[in-house]
Amino acid sequence: GDWSSFHKSTRRAEEHVPNMSTSLWHLSLAVLLLSLAPATALPPLPLPSRSRLSLRGGAGVGVLVVGSLNADVIVPVDRIPLPGETIMARDTPDAGRVICGGKGANQAVASARLGAETRFVCMFGNDGHAKELEEELKENKVDVSHCGRTDKPSGQGIVLLGSDGGVSSVVV
């Protein structure tokens, strides 16, 4: 679909959630849209303090995200390779950079950057990436106090960023 269909479906969803304030609905939609970008690509978007959303009751409702967490390896390419083809990455400052990623982590960071008190529930791995991922989430004001630990390595995503804006990825 087109945006017209999307808008109609969001209006239908609002009818099923009559007590949801307009600002909370827009925050939810913004978090969904912002979660499509890597967490570190998003600028901080603080809300005025009176608009702060809270998980402790009080002034508003917080955001709880349960989802995936990966150490994403960014690989800028001129184009996505064809099956069986090997291509060279573009030489950019981001080439080979490891950032906090995963759909859940991206949503949690986007929500926190929009000013919502945000908790994220995930599993941290048993490797060096786990500490870096946890620190990056905390730096973005995401509460990770309810996350678990596993005896396996952190998930990794190999993210191919095409010069045309296209993205392909593989999660290990």
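Residues numbered from 1 in each chain as written. Predicted model: local features only at pLDDT ≥ 70, side-chain atom pairs only at ≥ 80, totals over all residues. Heavy atoms only, no water.

Section: helix α3 (residues 103-113)
In terms of burial, α3 is largely enclosed, as 9 of its 11 residues are buried. After α3 finishes, the residue Gly115 shows a positive phi value of roughly 105 degrees. (Buried < 20%, exposed > 50% of the residue type's maximum accessible area, 1.4 Å probe, protein only. Helix = DSSP H or I, 4+ residues; strand = E, 2+ residues; numbered from the N terminus.)

Description of the sheet that holds strand β3 (residues 98-101)
Spatially, 4 strands are ordered β3-β2-β8-β9 in an open sheet, and the strand pairing comes out mixed. At either end of the open sheet lies a strand with only one pairing partner, and these are β3 and β9 (167-171). Ignoring which end each strand starts from, the neighbouring axes of this sheet average 30 degrees apart. Pairing geometry for strand β2 (residues 70-77) and strand β8 (residues 155-162), over 8 bridges, is parallel. Bridge assignment links Val73 to a residue of β8, and that residue is Ile158. (Pairing = 2+ DSSP bridges. Axes fitted to C-alpha atoms, helices over the stretch in contact; angles between N-to-C directions.)

Looking at the pairing of strand β4 (residues 118-121)
Residue alternation in β4 divides its side chains into a buried set, Thr118 and Phe120, and an unburied set, Arg119 and Val121. Two elements, strand β1 (residues 63-66) and β4, share 4 bridges in a ladder whose sense is parallel. Residue Val63 lies in a different strand from β4, and its bridge partner there is Thr118. Where β4 and strand β6 (residues 142-143) come together, 2 bridges link them in parallel fashion. Opposite Thr118, over in β6, you have Val142 as the bridge partner.

Looking at the pattern of salt bridges
Inspection of every chain in the model, using the stated rule, returns 6 salt bridges. As a salt-bridge pair, Lys138 and Glu134 come within 3.3 Å of each other at their nearest N and O atoms. Placement of the pair is Lys138 and Glu134 together in helix α4 (residues 128-139), with a separation of 4 residues, close to one helical turn. Overlapping salt bridges, with partners in common, bring together Glu134, Lys138 and Arg149 in one network. (Salt bridge = Lys/Arg side-chain N within 4 Å of Asp/Glu carboxyl O.)

A word on the environment of Met88
As for its placement among the helices and strands, Met88 is situated in the loop between β2 and β3. In this structure, the C-alpha to C-alpha distance between Met88 and Val77, residues 11 residues apart in sequence, is 7.0 Å.

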